[in-house]
Amino acid sequence: MPDSRVPRPRRFLVCEPRHFAVQYAINPWMREDTEVDPDLARGQWEALIRAYRAHGHTVDTVEPVAGLPDMVFAANSALVLAGRVFGSFFHAPQRRAESVAYETWFKTAGFDVHRPESVCEGEGDLVPVGRYVLAGTGFRTTVDAHREVQEFFGVPTIGLRLVDPYFYHLDTALFVLDDGHDGREANIVYYPQAFSPGSREVLARLFPDAVIATREDAAAFGLNSVSDGRHVFISPRAEALAGRLARHGYVPVPVDLSEFHKAGGGIKCCTQEIRS
Ligand code: ARG
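Keep in mind it's a predicted model, so treat the numbers as computed, not measured.

Rules of the game
Residues numbered from 1 in each chain as written. Predicted model: local features only at pLDDT ≥ 70, side-chain atom pairs only at ≥ 80, totals over all residues. Heavy atoms only, no water. Near = heavy atom within 4 Å. Polar contact = N/O pair within 3.5 Å; in protein donor to acceptor, adjacent residues only side chain to side chain. Areas by Shrake-Rupley, 256 points an atom, 1.4 Å probe, with all protein chains shown as cover. Nonpolar A, V, L, I, M, F, W, Y, C, P; charged D, E, K, R; others polar. Pairing = 2+ DSSP bridges. Helix = DSSP H or I, 4+ residues; strand = E, 2+ residues; numbered from the N terminus. Axes fitted to C-alpha atoms, helices over the stretch in contact; angles between N-to-C directions. Contact = heavy atoms within 4.5 Å. Salt bridge = Lys/Arg side-chain N within 4 Å of Asp/Glu carboxyl O.

Caption draft 1: View of the site of the ligand. The immediate surroundings of the ligand are formed by 17 residues, with N27, R95, H169, D171 and C269 found nearest. At a separation of 2.6 Å, an oxygen atom of the ligand approaches a polar side-chain atom of R95. With respect to the ligand, the backbone of A263 contributes an N or O atom lying 2.8 Å from a nitrogen atom. In isolation the ligand has 350 Å² of accessible area, and contact with the protein removes 100% of it. Residue composition of the shell around the ligand, by class: 7 nonpolar, 6 polar and 4 charged.

What follows is the structure, encoded as C-alpha cells:
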C-alpha cells in the first residue's frame, strides 16, 4: 500500500435537484408518489457539490428541466473519454427526454455527442478503469450498446452481467478506487453477488486486489461512491466499507444523499465525470 494516495482533480457535471421527485417506479427502491423533502434533498445535494469543490474538483451544472424528476442523476447522461461524448438512450420512456437536455449542454460546451442506437445509460453502466471500460448489462444498458461503445472509443469493453434488481446499474455494485492514471495500479471495489458467476470470475481475474463489499455496503449505496484516487465521497451509511477503505489508505469523505436513495440513486448517480 502506498504511504499516501494522491488525488487527481476532476471535472464533474451535475444537475440541481430542483424538479427531483419520485413519481414513477422503475427500480425496486422507488415507490410511486413517495414523499421527497425538497429542502432536505437540495441541502444534501449542495453538500456534495461543496465537498467536491473543497477537495479541488471543478463542478459544472446543467439546467434542470421541469417534468424530468430523475435528471439529477447526471451519471446516466453520457460517458466522456478523452473529450469524446457517448450520449444516452434511456430504457424508461419517462427518462428519454433527459438525453436531449444533456446533449444540448455538451454541444454548448463545445463537445460533439454520439447518440447510441440501443439502450445505454451512460456512466450508470459504463465504468472506465485502467485499459478497459467495464460495462454492465442485465437491467438497462444492452450488449449491443457495449459493442457500440467499444467501436466508438476503441477501448476494450468488458461486459458484466448484473443479476440483482436492487443493483440494476453497474455503478450501484462497483466503483473505481483508482482509475490507473499516471502509472498507478487500477483498482475497484465491488459487491460480487450483484454479478453472474462468470462476470464475478472476470472481475476476480482483472482485479485480484479489489476491495470486496458486502450486501450491507451495497444496500447503503456504498458502491455508488466517487473516488479521486485519495478521497472517497461515500455514503455515511456505508460505515463498514468506509472503515475498510481507510485501512487501504483512502480518505472517506461522508456525504449523505438519503433523499435520493428513495429514487435508487446516490453520490455517483448524481455525478458525471468529464474526462479530457
Ligand atoms: N431513478 C433512477 C433510475 O432508475 C435512478 C438512477 C440512478 N443512477 C445511477 N447512475 N445508478 O433510472
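Caption draft 2: Expanded view of the sheet that holds strand β7 (residues 132–137). Taken together, the 3 strands give an open sheet; going across it, the order is β6-β7-β8, and neighbouring strands pair in mixed fashion. Either end of the sheet is taken by a strand with one partner, and the two such strands are β6 (126–129) and β8 (157–161). Geometrically, the sheet is characterised by an average inter-axis angle of 25° between neighbouring strands, direction not taken into account. Sitting on the sheet, helix α4 (residues 197–206) touches β7 and β8, and the angle it makes with β8 is about 135°.

Caption draft 3: Examining the pattern of salt bridges more closely. Going through the model one piece at a time under the given rule, you end up with 22 salt bridges. One salt bridge in this structure joins R42 and E16, with 2.8 Å as the shortest N-O distance. Of this pair, R42 sits in helix α1 (residues 38–54) while E16 sits in the loop between β1 (11–15) and α1, placing them 26 residues apart in sequence. Each member of the salt-bridge network shares a partner with another, and the members are R8, R10, E123, D179, K268, E273 and R275.

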